[in-house]
Amino acid sequence: MFLKKFMKIALVTTTAALVLSGCGGEKDSKGKNDVLAKIKEDKKIVFGVKYDTRLFGLKNPSTGQVEGFDIDLSKALAKEMFGNDVKPEYIEVTSKTRVGLLNNGKVDAVVATMTINEERKKEVDFTDVYFNAGQSLLVKKGSKIHGLSDLKKGTKVLAVKGSTSAVNIREKAPETTVLEFENYAEAFTALKAGKGDALTTDDSILYGMEEEDPSFELVGGTFTEEPYGIAVKKGNIQLVDALNKALKTLKDSGKYDEIKNKWIKN
Ligand code: GLU
């Protein structure tokens, strides 16, 4: 009788412990915290990249492939870190969705024109800087807007949700009206349709738009610093270290410059 009762208690306690441990800590969809271990086990690394940002990450409609600096760099980093054992895969992120997709384990690393800043460091971990951009303005050629000081009351500036650009512009030109879009393709379409007087984001992204439609141009130089980093789920120090080590090797070997020069002409 006593033994039976004891065993019942033991069973209940073990079940409770198992349930509790299952709930402990943040876990991704596969229930694992160590992203580097998961990458090695799955033999694939999922990068979150832009699909609509010419020069950095753009889906080519004729091939279905994503192309750009962020794609080539992440591919080279994966090769450097894992040789041919791990296959790089790509998932689309936008400025608004990238942190959520990292935290729910849908992507392992975000390489998507993402500025390193203190605010974001509370949510994710970043590698060293891999590219330096700065915020600027894109306008129709012949526009009366020549720089930040021309953004007055009644001027409409287009930006993208979840970007530092949308935050910064409100600070730098508090009088102006800011309209926010889901992604850069939508924002540029709106600019072309005359729905705004200027589009603001990093110069590096605006150069891609200028290349796509030369009736638009960058004006006024840059007015912020936007150092890009690769973001990973918070706490994955080993993955950050591995990425930093690979980035340094690519820089030392000249491979980084080769990739950069292929995409970035300005
Ligand atoms: N680099 C800026 C940012 O991280 C703007 C580009 C983007 O929206 O990805 O917010």
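Residues numbered from 1 in each chain as written. Predicted model: local features only at pLDDT ≥ 70, side-chain atom pairs only at ≥ 80, totals over all residues. Heavy atoms only, no water.

## Some points on the site of the ligand
Thought 1: The environment of the ligand is formed by 16 residues, the closest being Lys50, Ser95, Thr113, Tyr184 and Asp202.
Thought 2: At 2.6 Å from an oxygen atom of the ligand is found a side-chain nitrogen or oxygen belonging to serine 95.
Thought 3: For the ligand, the protein covers 100% of the area, taking 280 Å² as the surface of the free molecule.
Thought 4: Counting residues per element, the ones that place at least two in the shell around the ligand are helix H6 (164-172) and strand S12 (198-202). (Near = heavy atom within 4 Å. Polar contact = N/O pair within 3.5 Å; in protein donor to acceptor, adjacent residues only side chain to side chain. Areas by Shrake-Rupley, 256 points an atom, 1.4 Å probe, with all protein chains shown as cover. Helix = DSSP H or I, 4+ residues; strand = E, 2+ residues; numbered from the N terminus.)

## Topic: the nonpolar core
Thought 1: Grouped together as the largest cluster of nonpolar side chains are 53 residues, with contacts concentrated most on Phe69, Tyr130, Phe131, Leu138 and Leu199.
Thought 2: Looking at this core element by element, the count peaks at eight residues for helix H3 (residues 69-82).
Thought 3: In contact with tyrosine 130, not counting residues within four places along its chain, are Phe69, Asp70, Leu73, Val111, Ala112, Thr113, Tyr228, Gly229, Ile230, Leu247, Lys251 and Tyr256. (Core = buried A, V, L, I, M, F, W, Y, C linked by side-chain atoms within 4.5 Å. Buried < 20%, exposed > 50% of the residue type's maximum accessible area, 1.4 Å probe, protein only. Contact = heavy atoms within 4.5 Å.)

## Concerning the confidence of the model for the protein chain
Thought 1: On average, residues of the protein chain carry a pLDDT of 91, and 88% of them reach 70 or more.
Thought 2: This stretch, residues 11-31, has a pLDDT under 50; its non-local contacts, to residues over four places away or in other chains, come to 14 contacts. (pLDDT = per-residue confidence, 0-100.)

## Topic: the packing of aromatic side chains
Thought 1: Within this structure, the stated rule accounts for ten aromatic pairs.
Thought 2: Residues phenylalanine 56 and tyrosine 228 carry aromatic rings whose centres are separated by 5.7 Å and whose planes lie at 70 degrees to one another, so their mutual orientation is edge-to-face. Placement of the pair is phenylalanine 56 in the loop between strand S2 (52-53) and strand S3 (57-59) and tyrosine 228 in strand S14 (residues 226-228), with a sequence separation of 172 residues.
Thought 3: The exposure class of phenylalanine 56 is buried, given its relative accessible area of 0%.
Thought 4: The interplanar angle of 40 degrees and the centroid separation of 5.5 Å between the aromatic rings of phenylalanine 131 and tyrosine 228 together place this pair among those described as tilted. One end of the pair, phenylalanine 131, is in strand S8 (residues 131-133); the other, tyrosine 228, is in strand S14, and 97 residues separate them in sequence. (Phe/Tyr/Trp six-rings, centres within 6.5 Å; stacked < 30°, edge-to-face > 60°.)

## Considering the environment of glycine 142
Thought 1: If you trace the backbone, glycine 142 turns up in the loop between strand S9 (135-140) and strand S10 (156-160).
Thought 2: Sequence separation of glycine 142 and serine 215 is 73 residues, and the distance between their C-alpha atoms is 9.1 Å.

## Regarding the sheet that holds strand S11 (residues 177-181)
To summarise the sheet geometry, strands pair through backbone hydrogen bonds and adopt either a parallel or an antiparallel arrangement.
Thought 1: An order of S11-S10-S12-S9-S13 is seen for the five strands of this open sheet, with the pairing classed as mixed. What marks the edges here is a single partner per strand, and that holds for S11 and strand S13 (216-219). Each neighbouring strand pair of the sheet contributes to a mean axis angle of 35 degrees, computed without reference to strand direction.
Thought 2: Bridging between S9 and S12 involves four bridges; their strand directions are antiparallel. Across the sheet, residue leucine 137 finds its bridge partner in S12, namely threonine 200.
Thought 3: With respect to the sheet, helix H8 (residues 203-212) is in contact with S9, S12 and S13, its orientation differing from that of S12 by roughly 130 degrees. (Pairing = 2+ DSSP bridges. Axes fitted to C-alpha atoms, helices over the stretch in contact; angles between N-to-C directions.)

## Brief notes about the packing of helix H7 (residues 184-192) against H8
Thought 1: Relative to each other, H7 and H8 sit at 50 degrees, their axes nearing to 12 Å. On the basis of their axis angle, the class for H7 and H8 is oblique. Crossing handedness for the pair H7 and H8: right-handed. Contacts between H7 and H8 involve Tyr184, Phe188 and Lys192 from the first element and Ile205, Met209 and Glu212 from the second.
Thought 2: Partitioned by chemical class, the residues of the contact of H7 with H8 number four nonpolar, no polar and two charged. (Parallel < 35°, antiparallel > 145°, perpendicular 65-115°, else oblique. Left-handed = near helix turned anticlockwise from the far one by under 90°. Nonpolar A, V, L, I, M, F, W, Y, C, P; charged D, E, K, R; others polar.)

## What to know about the sheet that holds S3
Thought 1: Spatially, the three strands line up as an open sheet ordered S2-S3-S4, and their pairing is antiparallel. The two strands at the open ends of the sheet, each matched to only one other strand, are S2 and strand S4 (66-67).
Thought 2: Examined bridge by bridge, S2 and S3 share two bridges and lie antiparallel to one another. The residue of S3 that forms the bridge with aspartate 52 is leucine 58.

## Some remarks on the environment of leucine 137
Thought 1: Along the chain, the position of leucine 137 falls in strand S9.
Thought 2: Expressed as a C-alpha distance, the spacing of leucine 137 and leucine 158, which sit 21 residues apart in the sequence, is 9.6 Å.

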